[in-house]
Amino acid sequence: MKDLLRPAPLIGLAVILWLAVVLIAGSGYEQRLMTLSAASALMAIGYQLLFGQAGALSLAQGACFAIGAYAAGILGGRLGWPAWAELPASVLLPMLLAALAHAPVRRLGGHYFALATLGFAVLVRLVAVDAQSLTGGANGLAGIPPLQTLGLPRGSGTMLVSWGLVGLGAGLALWLKRGGNGPALALVRADPVLARASGLDPGRIRAQAFVLAAGFAGLGGALQAHVLRLVSPEVAEFPVMVGCLAMVVIGGRGSVAGAVLGALLIGHLPEWLRPLGASYRIAYGIGLFACLLAAPAGLVGTLERFWPACPAATAGASDRPPRPVAALELAGLEKSYGGVAAVNGVSLVLQPGEILGLIGPNGSGKTTLINLVSGLDRPDRGTVRLGDVSLETASPDRIARAGVARSFQTAALPDEMTPLDLVTAALVARDAGTSFGRTVPLGPLHQAAAGLLRRVGIDPAAKPAAGALRLADIARALALDPAVLLLDEPAAGLDAAERAHLGTLLRALAAEGRALLVVEHDMAFLMGLADRVAVLIDGRIARVGTADEVRADPLVRAAYLGTASLGAAPMGRGT
Ligand SMILES: Nc1ncnc2c1ncn2[C@@H]1O[C@H](COP(=O)(O)OP(=O)(O)OP(=O)(O)O)[C@@H](O)[C@H]1O
């Protein structure tokens, strides 16, 4: 019940009341405005999924809206298809074209992805204008039949049907981000590299979101074409896309209710300001700008920020069966950057239950080695095997799900995420894979995540301190229940008590049969912890042995300038 007293459901309720008032007492004009807002709301719901949830800045959503509108014009208007056949086609056609357009650009990130989708939008507009025999050219297509209205008067009936479709679309969008999908999408949006290391596949999730968003936009476009009974190249102009972006940003980019509210506001604001006469457009622009400045997280996001938070369930523990133990075998790994051989023929075997320390001067290739094993970088040569499974060409998310997890040297908490969200996102990858539509209820995930945070020494309910971020990153890696854990300077920045707790934890993890590779500059910590220590110098393994053997090795001592630091004090700090 208390979940219903949050901003998003309350806004949903307010929207329903507003609709009821217009349906019962509104003029024909007001009902038509509401119906057109429904078309925009569908486009915006899809876009909040793509941009708001999956974090992909696409500029093609307006073009998909136009494709849906033209599909309605051609199939429903020209060819006389009945609505039951034409509306699904208006949804599927943009989805199909979006899937085709997305395939070649899926590897592009950030601005390049946005530009590529802009190219798609330009292409759609050119087809709308130039393919005259199909689209009617600059004049467009007229005579599109109105929607059936369930026997109700046309204005209120069309409005009811349209908002019924919005209700279905909103339900679907909420279902897609339910349970553990919410934190998983938040991680994909905030930090794709960390998401991949946590077993999530941002490329696949964004591709799914891109195609789904196109379907929502197509339905919205078709709806608008039936209401206006006309489709022209204006629907493929860039302002449609800008309007969509504004709806999602103003409403609240990660919220379905925010997208609907944004669509209603953007749809109605020009009408509310029309009494201002010729200057209403300026007032409209200033109003939007002020809205963005005052509430950069959108209206729903801003309300959420000031609303009392609902504490997440944090008791109990995971009852998932443990992963079988396996050895990690590296053979002849090589990686060069330009002329620098960062890793040069590294072969190592890491047995289940073993803690292998990896030391070496700054720039000797330790992080690169972890990147190669965890898939963030591809080796030029060599193999990586976990038990019987070859991993040297696998993607980072597959490696993570296969049981090789890593922590990062520079651990940071992604924007708007708590340690509990971070660990939950990795649990989702472990339990449900990386697709929309498959998910696990949030309660048990939160309980398991809280258990892991407590295990690394963090109070799940407390605000995380600086050192806690590194520990939270280890808890995130542990969420994958790894057979092999690669830790890049796990003790850096920890105080003495945290370091002692970490040492105990790592020994306990090894006792469970997990293999640990620990890169560390804190020699006192590492030498007391590791079963064996490997020394990396200029990308090559110079020595592997016990802590005492390594300390006594003349080559190793020379590499550390003959200092007595091997085991007494930290060496130089890596970046
Ligand atoms: N992406 C990259 N592009 C170019 N050179 C790189 C890249 N990554 C690493 N290097 C180079 O490879 C070498 C090994 O770097 P790496 O970060 O793996 O060393 P490290 O032992 O982890 O160092 P530190 O202890 O300072 O963290 C260095 O010379 C570094 O400059």
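No experiment lies behind these values; they were computed from the predicted model shown.

Okay, the sheet that holds strand β8 (residues 404-406) next. Within the open sheet, the six strands sit side by side as β8-β9-β10-β5-β11-β12. Their pairing is mixed. In this open sheet, the two strands that pair with only one neighbour each are β8 and β12 (540-545). Strand-to-strand twist of the sheet, defined as the mean angle between neighbouring strand axes without regard to direction, takes the value 20°. Bridging between strand β11 (residues 532-537) and β12 involves five bridges; their strand directions are antiparallel. In the strand pairing of β12, V535 is matched with R543. On top of the sheet, helix α15 (residues 366-374) reaches β5 (355-359), β8, β9 (484-488), β10 (515-519) and β11; it is set at about 150° to β9, its chief contact. Here helix α20 (residues 496-511) sits on the sheet and contacts β5, β9 and β10; the angle it forms with β10, its principal contact strand, is near 150°.

The next thing to look at is the sheet that holds strand β4 (residues 340-350). Reading across the sheet, the four strands line up as β4-β3-β6-β7 and stay open at both edges, with antiparallel pairing between neighbours. Each of the sheet's edge strands pairs with one partner strand only, and the pair in question is β4 and β7 (389-390). Direction of pairing for strand β6 (residues 381-386) relative to β7: antiparallel, over a ladder of two bridges. Bridged to L386 within β7 is V389. Docked against the sheet, α15 engages β3 (328-337), β4 and β6, running at close to 65° with respect to β4.

Under the domain assignment used here, the protein chain contains domain 1 (32-306) and domain 2 (328-413 + 480-559). Put simply, the middle of domain 1 and the middle of domain 2, counted by C-alpha atoms, are 47 Å apart. Of the residues assigned to the side of domain 1 that touches domain 2, the class counts are three nonpolar, two polar and two charged.

Turning next to helix α18 (residues 442-456). Taking 1.5 Å of rise per residue, 15 residues should cover 21 Å, and α18 covers 21 Å from first to last C-alpha, within 8% of that figure. Within α18, burial applies to L445, H446, A448, A449, A450, L452, L453 and V456. Following α18 by one or two positions, G457 has its phi on the positive side, about 100°.

One can find L176 in helix α7 (residues 154-176). On the basis of neighbour counts, which here come to 19 C-beta atoms within 10 Å, the residue L176 falls in the partly exposed class. Counting along the chain gives 127 residues from L176 to L49, while the straight-line C-alpha distance between them is 8.7 Å.

We now examine the packing of helix α1 (residues 7-25) against helix α12 (residues 256-273). One can describe the packing of α1 onto α12 by two numbers: an axis separation of 9 Å at closest approach and a directional angle of 40°. Here α1 is positioned oblique relative to α12, judged by the angle of their axes. Every pair of crossing elements has a handedness; the one defined by α1 and α12 is left-handed. On the side of α1, the interface is formed by A8, I11, G12 and V15, while α12 contributes A257, V260, L261 and L264. Its residues assigned to classes, the contact of α1 with α12 comprises seven nonpolar, one polar and no charged.

Conventions and cut-offs
Residues numbered from 1 in each chain as written. Predicted model: local features only at pLDDT ≥ 70, side-chain atom pairs only at ≥ 80, totals over all residues. Pairing = 2+ DSSP bridges. Helix = DSSP H or I, 4+ residues; strand = E, 2+ residues; numbered from the N terminus. Axes fitted to C-alpha atoms, helices over the stretch in contact; angles between N-to-C directions. Contact = placed C-beta atoms within 7 Å. Domains from an automatic or database assignment. Nonpolar A, V, L, I, M, F, W, Y, C, P; charged D, E, K, R; others polar. Expected span 1.5 Å × (residues − 1). Buried ≥ 20, exposed ≤ 12 C-beta atoms within 10 Å, placed from the backbone. Parallel < 35°, antiparallel > 145°, perpendicular 65-115°, else oblique. Left-handed = near helix turned anticlockwise from the far one by under 90°.

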